[in-house]
Amino acid sequence: MSYNEEYQAALDNPEGYWAGQVDRIQWFKKPETILKQTEYGTYNWYSDGELNSSYLALDWQIEQGRGEQVAIYYDSPVSNTKQAITFNELRDQVATFAGALRGLGVDKGDRVVIYMPMIPEAAVAMLACARLGAPHSVVFGGFAPNELAIRIDDAEPKVILTASCGIEFDKQIAYKPLVDKAVELSAHKPSNVVVCQRPMLQAELDKPGDLDWYDFQQGAEPADPVAVKGEDPLYILYTSGTTGQPKGIVRDNGGHAVALSYALNNVYGMNAGDVWWGASDIGWVVGHSFIVYGPLMGGCSAIFYEGKPIKCPDAGAFWRVIDEYGVNSMFCAPTAFRAIRKEDPNGELSKKYELSSLKWVFVAGEKLDSSTYQWLSELLQVPVVDHWWQTETGWPMTSPMMGWDNPSEPRLGSTNKPIPGYDIRVLDGDGNDVEPNESGNICAKLPMPPGVAWTIWNKPQRFVDSYLTAFPGYYHTGDGGFKDEDGYIYITGRTDDVINVSGHRLSTGEMEEVVSAHPAVAECAVIGANDPLKGQVPVGLVVLKAGVEVDEAQVEAELVQMVREQVGALACFRRAVIVQRLPKTRSGKILRAILRKIAAAESYKMPSTIDDETILPEITGIMEEAGLLK
Ligand code: AMP
């Protein structure tokens with residue numbers, strides 16, 4: 001396949017190109033409408049087709065003779081557990097679980113919140129919801145009760161599925177008390193909480209509606225896959241926006257299934273029977289697209305790894321998994337490799353393992369620094385592929401097509417070329433294309449290909465306002481960067497108040513709300529500072545109320561604790577520095593864009609609207625002194 005021809009074909013005739021991909025999946029009823037525009041100016045692909053995503057991931061694989069193939073290899077160094085689950089076994093577990101959920105009154109269109117660690121039961125839960133046509137909303141286990149409560153109130157689930165605990169290295173984190181607290185905080189009350197008891201920690205099932213994972217399945221009638229429309233929602237996944245209210249990104253069934261099949265084969269170069277490892281968590285979009293749905297719908301064996309890249313038991317954990325299961329390709333965030341490199345700079349541990357099954361490694365989620373890229377390429381002697389996407393798109397926007405002959409060569413610092421279907425443009429503030437190598441706003445010309453989300457749960461207008469309004473006719477990714485003369489894309493970072501900590505996207509606005517609630521704080525700005533391991537970490541710049549007599553170190557410790565409790569440990573909010581004042585415009589707006597530049601140690605132009613120019617060097621000095629400018 002030639003990239004240039006395919007790319008041009010998708011550009012010239014998007015509808016024709018994606019009509020040609022319909023038969024990648026097994027529909028119950030093929031779509032007659034390929035592309036439809038909605039009243040909001042958004043798009044739906046394959047809206048009137050009928051299918052079921054759980055059927056595609058399980059039953060269809062079995063019908064093609066893969067019943068005895070392993071669907072999921074569960075590998076959990078933190079609990080000393082390994083399990084190989086075949087497609088037959090997984091289908092049976094999912095069908096029974098779906099039947100039991102139906103017994104609780106969960107039907108097509110009802111929402112189910114899943115708050116679980118990386119155990120295979122989490123995949124069973126997701127696929128069971130999909131089987132019933134009930135959109136699931138997986139919430140990452142690292143989120144605190146307050147964050148879970150916000151999502152419960154937005155998604156209004158009938159049922160919450162959880163486990164007794166998650167495990168961080170050797171520490172058990174009891175989940176049930178967190179869920180109980182979230183339900184206490186939320187206005188919406190689910191009718192049941194179903195708890196998967198793990199042997200290392202048993203939860204109290206003492207609240208009305210609490211059920212045991214296995215008891216509630218007793219006698220359940222296995223459920224067949226329910227036909228849903230191509231445009232019906234498969235899941236809601238919350239992601240951080242620029243405000244404190246997370247956005248419930250809604251993924252459809254039809255476009256998603258076609259896009260994942262296209263990506264698995266063409267972008268990732270994986271085929272049925274291959275062993276694929278998405279080294280992430282089901283709480284993130286990668287977990288949805290490339291731990292659960294993509295590999296299973298494509299007939300691959302998927303690795304489900306519950307652990308960390310290091311200290312499990314050492315920094316050879318990833319190499320051990322690749323060797324043990326014959327992993328053909330994997331995906332993870334660069335931060336994992338930075339952590340491995342820190343522990344084992346010469347990669348000695350990799351020499352203990354046989355890594356010849358590995359064809360290439362994909363990284364995304366945050367910027368891949370050139371030193372990690374070079375270290376990993378030399379160590380593994382396979383292509384290290386940087387590619388770029390986001391929760392909203394659900395699958396990559398730029399990447400070499402590793403499944404095709406002659407995929408485009410890597411270029412240092414670039415996430416490669418746009419994938420067919422994505423017309424990626426770099427626009428200036430007025431919406432004009434900038435010249436090659438000039439920085440601007442990275443946008444995608446509409447329509448975007450199947451699989452991309454087109455709405456926010458219950459808030460279609462918020463989708464339009466967030467993504468389609470700044471540059472009419474384009475989807476605004478929120479990323480900044482440039483394109484070189486050969487069409488390679490370079491992502492330099494977010495242009496909004498979203499930061500990326502270890503590949504996790506977090507809203508600084510959300511943290512600011514927590515910090516501002518401290519009784520001694522008058523105002524604050526939370527910004528992302530560079531971090532050699534995590535890419536970015538949040539730092540609070542805090543102005544104290546006049547006249548309050550407090551110990552600054554004490555305030556910092558209290559703020560760190562508050563963010564940990566109300567947002568979660570994943571925020572990695574560990575520093576708050578006290579400043580006398582924040583830079584503002586004459587109209588009183590905090591100049592966040594400039595603060596971002598200072599924190600990223602980038603040069604900046606003094607904005608003409610600034611109220612007092614002396615504040616910027618003052619803030620730079622304070623941050624330098626606190627060791628925050630790296
Ligand atoms: P998320 O929606 O959590 O997956 O985060 C998506 C954001 O992560 C993007 O908008 C980018 O800012 C960033 N990102 C993803 N992949 C890359 C990459 N390969 N290089 C640089 N930044 C990336």
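To keep things clear, this report deals only with the structure shown in the data block. Just so it is clear, the model here is predicted, and its values are computed rather than measured.

**Some remarks on the overall build of the protein chain**
- Assigned secondary structure in the protein chain consists of 17 helices and 29 strands.
- For 630 residues, the compact-globule estimate of 2.2 N^0.38 gives 25 Å, and the C-alpha radius of gyration of the protein chain, at 24 Å, lies within 12% of that figure.
- The C-alpha extent of the protein chain, read off along each of the three principal axes, is 70 × 60 × 55 Å.
- Looking at the protein chain residue by residue over its 630 residues, the buried ones come to 61%.
- Taking the contacts inside the protein chain whose residues are at least 6 apart along the sequence as the reference set, 70% of them involve residues at least 24 apart.
- Carbon and sulfur atoms provide 47% of the accessible area of the protein chain, an area that totals close to 23,600 Å².
- Considering the protein chain, the positive charge centre built from 55 side chains and the negative charge centre built from 84 side chains are found 1 Å apart.

**Thoughts on the layout of surface pockets**
- Taken as a whole, the second largest pocket holds about 340 Å³ of empty space.
- Lining of the second largest pocket is provided by 18 residues; of these, Asn44, Glu231, Val250, Trp454 and Thr455 occupy positions nearest its centre.
- Of all the elements, strand S15 (residues 247-252) adds the most residues to the lining of the second largest pocket, at 3 residues.

**Focus: the sheet that holds strand S18 (residues 329-332)**
- Taken in spatial order, the 7 strands of this open sheet run S5-S4-S17-S16-S18-S19-S20, and their pairing is mixed. With one partner strand each, in any of the chains shown, strand S5 (81-86) and strand S20 (384-386) form the two edges of the open sheet. Between one strand and the next, the sheet's axes are offset by a mean angle of 20°, whatever the strand orientation.
- With 3 bridges connecting them, strand S19 (residues 360-363) and S20 associate as parallel partners. Bridge pairing in S20 links Val363 to Asp386.
- Those strands touched by helix H4 (residues 87-103) are strand S4 (70-76) and S5, and its axis lies near 90° from that of S5.

**Regarding the packing of aromatic side chains**
- Within the structure shown, the criterion is met by 34 aromatic pairs.
- The interplanar angle of 80° and the centroid separation of 5.3 Å between the aromatic rings of Phe97 and Phe216 together place this pair among those described as edge-to-face. Here Phe216 lies in the loop between strand S12 (210-212) and strand S13 (228-229) and Phe97 lies in helix H4, a separation of 119 residues in the sequence. Exposure class is identical for Phe97 and Phe216. Each is buried.
- Geometry around Phe143 places Arg151 over its ring, the cationic atom sitting 4.3 Å from the centre.
- Lying over the aromatic face of Phe169, Lys308 brings its terminal NZ or CZ to 5.7 Å of the ring centre.

**A short note on the site of the ligand**
- Taken together, 16 residues lie around the ligand, and Asp386, His387, Thr391, Asp479 and Arg505 are the ones closest in.
- The contact in question runs from an oxygen atom of the ligand to an N or O atom on the side chain of Thr391, over 2.5 Å.
- Considering the ligand on its own, with 490 Å² of exposed area, one finds that the protein chains cover 92% of that surface.
- Here the residues of the shell around the ligand sort into 4 nonpolar, 6 polar and 6 charged.

**Section: helix H9 (residues 285-297)**
- Taken across its 13 residues, H9 has 13 buried, putting it largely inside the fold.
- Of the residues one or two after H9, Gly299 is the one with positive phi, at around 70°.

**Quick look at the packing of helix H5 (residues 120-132) against H9**
- For the pair H5 and H9, interaxial distance at closest approach is 11 Å and the crossing angle is 60°. One finds that H5 runs oblique with respect to H9. In this structure, H5 crosses over H9, and the sense of that crossing is right-handed. Residues Ala123, Met126, Leu127 and Ala130 of H5 form the contact with H9, whose own contacting residues are His288, Val292, Tyr293 and Leu296.
- Each residue belonging to the contact of H5 with H9 can be placed in one class, and the counts come to 7 nonpolar, 1 polar and no charged.

**With respect to unusual backbone geometry**
- For the bond from Cys312 to Pro313, the omega torsion is 0°, close enough to zero to count as cis.
- Residues other than glycine seldom take positive phi values, yet Tyr46 does so here, at roughly 55°.
- Tracing the backbone shows Tyr46 in the loop between strand S2 (43-45) and strand S3 (50-51).
- You will see that Glu156, though not glycine, has its phi angle at about 50°, which is positive.
- Inspection of the secondary structure assignment puts Glu156 in the loop between helix H6 (145-155) and strand S8 (159-163).

**Here's the deal with helix H7 (residues 176-185)**
- By the burial criterion, the buried members of H7 are Lys176, Val179, Asp180, Ala182 and Val183. Seen end-on, H7 carries its buried residues on one side only, within an arc spanning 160°.
- Buried residues along H7 sit against strand S6 (112-115), H6, S8, strand S10 (171-174), strand S11 (192-196) and S12.

Conventions we followed
Residues numbered from 1 in each chain as written. Predicted model: local features only at pLDDT ≥ 70, side-chain atom pairs only at ≥ 80, totals over all residues. Heavy atoms only, no water. Helix = DSSP H or I, 4+ residues; strand = E, 2+ residues; numbered from the N terminus. Rg over C-alpha atoms; globule rule 2.2 N^0.38 Å. Buried < 20%, exposed > 50% of the residue type's maximum accessible area, 1.4 Å probe, protein only. Contact = heavy atoms within 4.5 Å. Areas by Shrake-Rupley, 256 points an atom, 1.4 Å probe, with all protein chains shown as cover. Lys, Arg positive; Asp, Glu negative; His and termini not counted. Charge placed at Lys NZ, Arg CZ, Asp CG, Glu CD. 1 Å grid on protein atoms, 1.4 Å probe; cavity = no way out; pocket = protein on both sides within 12 Å on 5 of 7 lines; lining within 4 Å. Points joined across faces, edges and corners; volume = space filled by probe spheres on them. Pairing = 2+ DSSP bridges. Axes fitted to C-alpha atoms, helices over the stretch in contact; angles between N-to-C directions. Phe/Tyr/Trp six-rings, centres within 6.5 Å; stacked < 30°, edge-to-face > 60°. Lys NZ or Arg CZ within 6 Å of the ring centre and 35° of its normal. Near = heavy atom within 4 Å. Polar contact = N/O pair within 3.5 Å; in protein donor to acceptor, adjacent residues only side chain to side chain. Nonpolar A, V, L, I, M, F, W, Y, C, P; charged D, E, K, R; others polar. Parallel < 35°, antiparallel > 145°, perpendicular 65-115°, else oblique. Left-handed = near helix turned anticlockwise from the far one by under 90°. Arc of directions from axis to C-beta.

Bear in mind that shape data such as this cannot, by itself, settle questions of function.
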